[in-house]
Number of protein chains: 2
Amino acid sequence: MLHLAIADSELELVPKSIVEHPAVVNYARRRGKKPEEVILDSSYHHSALRKLEDGERRGRPDIVHICLLNALESIANKEGLLRVYVHTRNDEVIYVKPETRLPRNYNRFLGLMESLFKNRVVPKDLELLRIEEKTLNELVEEIGPDEVFVMHEGGEFMKPRDFGKVLVELENPLVIVGGFPHGDFRSQVKGKKVSLYREPLMAWTVVNEVLVNFEASLGL
Amino acid sequence: MLHLAIADSELELVPKSIVEHPAVVNYARRRGKKPEEVILDSSYHHSALRKLEDGERRGRPDIVHICLLNALESIANKEGLLRVYVHTRNDEVIYVKPETRLPRNYNRFLGLMESLFKNRVVPKDLELLRIEEKTLNELVEEIGPDEVFVMHEGGEFMKPRDFGKVLVELENPLVIVGGFPHGDFRSQVKGKKVSLYREPLMAWTVVNEVLVNFEASLGL
């Protein structure tokens with residue numbers, strides 16, 4: 001089983017310190033929600049984000065959305081060979097059941113995430129998504145992988161195809177991809193740092209390279 | 001050069017016959033636009049879509065968005081080996097310059113598409129995106145590929161890895177992927193039909209499989 005963790009993702013509710021900011025209040029009103037119940041989104045809360053630490057990288061649920069759509073609709077996942085986790089900057093972990101059919105529409109995805117943060121599981125009956133307070137290291141310990149790879153622009157260069165070959169030699173590899181737009185991991189992550197290209201790649205590009213080369217090495 | 005065409009995409013402005021439908025009027029007002037200037041979106045115009053032919057598959061700009069984000073941020077594109085085109089159900093073709101950095105946010109992407117349909121090029125100076133009236137066959141003729149592959153669930157099965165090997169043996173292959181949620185191509189497309197998996201795949205999954213295996217076969 002290949003485990004994929006989107007780590008230090010910039011996915012969170014609007015922080016308390018800016019719930020009264022006009023950009024947040026107006027946005028929440030437009031969506032018919034309370035300001036403290038909406039997901040932080042840099043596209044709409046840009047002016048409020050300037051007041052926050054790390055404001056230039058926060059509020060990026062779109063990155064999580066695209067990574068998850070690619071991972072869940074991959075052949076690896078259809079073959080039952082993949083487990084996906086989303087770890088957030090506030091040390092929460094979202095467990096995603098492999099059969100989850102995520103909303104393709106971004107605004108519906110935001111609504112789902114807001115419901116998840118509020119109710120901790122969605123939907124109530126099937127529990128396709130579940131969120132728990134957990135650090136990245138606690139998640140790693142829980143998964144118990146035989147090896148941990150941290151995708152990192154400063155890591156050892158490996159051709160994506162060769163990395164796929166490495167993955168299929170293992171029983172339970174864990175691949176950690178940063179769910180943020182730029183900068184470095186906030187979590188202290190132990191593992192072998194790997195870089196797939198000479199330039200930084202978007203998180204979803206790394207997800208695609210890892211999954212497709214994993215499948216190819218399996219002969220799928 | 002690998003040419004990738006997302007074909008018969010369900011990307012269009014709201015058709016004239018439903019511009020007065022309440023679902024469309026309210027949506028346009030919320031977004032501060034005229035009803036005839038907004039992109040059809042099944043998430044919001046569902047009730048209006050029931051009145052349209054093919055209503056159950058139309059209004060899917062999200063599929064185009066995700067396919068383009070994956071293609072433009074791929075290693076193949078960063079290496080200058082890819083050209084991407086979006087052909088729509090109304091026989092328009094969008095030319096996308098490889099250096100385009102598409103909005104990650106879906107709502108901003110919709111705004112960009114609305115601007116493109118109105119002004120025919122965006123932005124005015126760089127002309128990163130350009131739209132022209134053109135059928136899929138006219139686009140194929142213009143590209144002049146040495147071989148055309150139509151990704152199709154009823155096509156000849158080929159492992160994605162083997163398909164990548166076929167692509168790199170050619171000078172100017174064209175891969176056509178359907179930009180619709182289900183059903184068949186509306187355009188009459190000539191080419192070798194290829195299937196990468198025993199079940200239907202989402203359009204963006206096919207894009208990822210094609211591009212990553214193309215790169216791997218090149219030894220990138």
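Residues numbered from 1 in each chain as written. Chains lettered and ligands numbered in written order. Predicted model: local features only at pLDDT ≥ 70, side-chain atom pairs only at ≥ 80, totals over all residues. Heavy atoms only, no water.

Operational definition: UniProt positions are given in the numbering used here, feature names are shortened, and annotations may be inferred rather than shown by experiment.
Going by the annotation in an unreviewed UniProt entry, the name recorded for chain A is Ribosomal RNA small subunit methyltransferase Nep1, with Thermococcus guaymasensis DSM 11113 given as the source organism. Looking at chain A in UniProt, the text filed under Catalytic activity (unreviewed entry) is "a pseudouridine in rRNA + S-adenosyl-L-methionine = an N(1)-methylpseudouridine in rRNA + S-adenosyl-L-homocysteine + H(+)".

### Thoughts on the overall build of chain A
Stated precisely, the cut-off is as follows: Each helix is a run of DSSP H or I of at least 4 residues and each strand a run of E of at least 2, with the numbering of both proceeding from the N terminus. Throughout, the radius of gyration refers to the C-alpha atoms, and the reference size of a globule is 2.2 Å times the residue count to the power 0.38. Buried means the residue's accessible area, taken with a 1.4 Å probe over protein chains only, is under 20% of the maximum for its type, while exposed means over 50%, and partly exposed covers the values in between. Residue contacts follow a heavy-atom distance rule, with two residues in contact if any of their heavy atoms lie within 4.5 Å. Values of accessible area rely on a 1.4 Å probe in the Shrake-Rupley scheme; residue burial ignores everything except the protein chains shown. Here Asp and Glu are counted as negative and Lys and Arg as positive; His is not counted, and neither are the chain ends. Here the site of a charge means atom NZ of a Lys, CZ of an Arg, CG of an Asp or CD of a Glu.
The number of helices and strands found in chain A is eight helices and eight strands. Over its C-alpha trace chain A gives a radius of gyration of 17 Å, about what one expects of a compact globule, namely 17 Å for 220 residues. Seen through its C-alpha atoms, chain A measures out along the principal axes to roughly 50 × 40 × 30 Å. The 220 residues of chain A split such that 59% are buried. Long-range contacts, defined as pairs at least 24 residues apart, comprise 76% of the intrachain contacts of chain A with a sequence gap of at least 6. Of the roughly 9,300 Å² that chain A leaves accessible, carbon and sulfur atoms contribute 47%. For chain A, the centre of its 31 positive side-chain charges and the centre of its 35 negative side-chain charges are spaced 6 Å apart.

### Quick notes on the packing of helix α8 (residues 203-218) of chain A against helix α8 (residues 203-218) of chain B
Convention followed: Comment: axis = line fitted to C-alpha atoms, over the contacting stretch for helices; angle = value between 0 and 180 degrees taken between N-to-C directions. Roughly parallel refers to an angle under 35 degrees, roughly antiparallel to one over 145, roughly perpendicular to one between 65 and 115, and oblique to any angle outside these ranges. Gly counts as polar in this scheme, as do all residues outside two lists: the nonpolar Ala, Val, Leu, Ile, Met, Phe, Trp, Tyr, Cys and Pro, and the charged Asp, Glu, Lys and Arg.
The geometry of α8(A) relative to α8(B) is characterised by a closest axis approach of 9 Å and an angle of 75° between their N-to-C directions. Put simply, α8(A) runs roughly perpendicular to α8(B). Contact residues: A:N208, A:E209, A:V212, A:N213, A:E215 and A:A216 in α8(A); B:N208, B:E209, B:V212, B:N213, B:E215 and B:A216 in α8(B). The class makeup of the residues in the contact of α8(A) with α8(B) is four nonpolar, four polar and four charged.

### A look at the sheet that holds strand β6 (residues 147-157) of chain B
Residue and element names in this part refer to chain B. Let me state the cut-off plainly: The pairing criterion is simple: DSSP has to find at least two bridges between the two strands.
An order of β4-β5-β3-β2-β1-β7-β6-β8 is seen for the eight strands of this open sheet, with the pairing classed as mixed. The open sheet has two edge strands with one neighbour each: β4 (121-122) and β8 (192-195). Sheet topology places β6 next to β8; five bridges connect them, and they run parallel. Note that in β8 the partner of F149 across the bridge is K192.

### Regarding the pattern of salt bridges
Where we set the bar: By salt bridge we mean one thing: a side-chain nitrogen of Lys or Arg within 4 Å of a carboxyl oxygen of Asp or Glu.
For the coordinates displayed, the defined rule picks out 36 salt bridges over all chains. Note that A:E73 and A:R104 form a salt bridge whose closest N and O atoms lie 2.8 Å from each other. Here the residue A:E73 occupies a position in the loop between α3 (61-72) and α4 (75-78), and A:R104 occupies one in the loop between β3 (92-96) and α5 (106-119), the gap between them amounting to 31 residues. Grouping residues by exposure puts A:E73 and A:R104 together as buried. Among the salt bridges present, the one from B:E79 reaches A:R198, with a minimum N-O distance of 2.8 Å. Here the residue B:E79 occupies a position in the loop between α4 (75-78) and β2 (82-88), and A:R198 occupies one in the loop between β8 (192-195) and α8, the pair thus bridging two chains. Of the residues examined, A:R198 reaches a relative accessible area of 61% and is grouped as exposed.

### Things to note about the environment of B:S9
Residues and elements named next belong to chain B. The condition that has to hold: What qualifies as a polar contact is a pair of N or O atoms within 3.5 Å, subject to a donor-acceptor requirement within protein and to the restriction that residues adjacent in sequence count only when both atoms come from side chains.
Following the sequence through the fold, S9 ends up in strand β1 (residues 2-9). Look at S9 and you get buried, because its relative accessible area is 0%. Separated by 194 residues in sequence, S9 and A203 have C-alpha atoms that sit 10.0 Å apart. Residues contacting S9, with those up to four places away along its chain left out, are V64, V86, H87, T88, R89 and G179. Of the polar contacts made by the side chain of S9, one reaches the backbone oxygen of I6; its length is 3.2 Å.

### Notes on the relation of the copies chain B and chain A
Under the convention used in this document: Superposition of the copies used a least-squares fit over C-alpha atoms from residues whose pLDDT is at least 70 in both.
Superposing chain B onto chain A requires a rotation of 180° together with a translation of 0.0 Å along the rotation axis, leaving an RMSD of 0.0 Å. Between the two chains, the operation in question is that of a two-fold axis. Here 100% of the contact residues of chain B are again contact residues in chain A; the copies associate through an equivalent surface.

### Description of the UniProt feature "binding site: S-adenosyl-L-methionine" (unreviewed entry) in chain A
Mapped onto the present numbering, the UniProt feature "binding site: S-adenosyl-L-methionine" (unreviewed entry) falls at A:G178, A:G183, A:L196, A:Y197, A:R198, A:E199, A:P200 and A:L201. Setting aside anything within four residues of it in sequence, one finds A:Y197 in contact with A:F157, B:I75, B:K78 and B:E79. At a separation of 3.4 Å, a polar atom in the side chain of A:R198 contacts the side chain of A:Y197.

### Details of the nonpolar core
Here is the rule: Buried residues of nine kinds, namely Ala, Val, Leu, Ile, Met, Phe, Trp, Tyr and Cys, make up a nonpolar core once their side-chain atoms join them within 4.5 Å.
Counting residues in each nonpolar core, the largest one holds 120 residues, and the members touching the most others are A:F163 and B:F163. Beyond its immediate sequence surroundings of up to four residues, B:F163 is in contact with B:F149, B:M151, B:M158, B:V175, B:V194, B:L196 and B:V210.

### Describing the interface of chain B and chain A
Heads up, the condition is: By convention, the term buried area covers the 1.4 Å-probe accessible surface removed from two parts as they join, with the contributions of both added.
Contacts between the two partners involve 38 residues from chain B and, on the opposite side, 38 residues from chain A. For the pair chain B and chain A, the summed buried area comes to about 3,300 Å², and 50% of that belongs to carbon and sulfur atoms. Put simply, chain B and chain A have two salt bridges between them. The interface formed by chain B and chain A contains 25 residue pairs in polar contact (both at pLDDT 80 or more). Those elements that provide at least two residues to the side of chain B that touches chain A are α3 (61-72), α4, α5 (106-119), α7 (160-168) and α8 of chain B. Sorting elements by how many residues they give to the side of chain B that touches chain A places α8(B) first, with eight residues. Counted by class, the side of chain B that touches chain A contains 15 nonpolar, nine polar and 14 charged residues.

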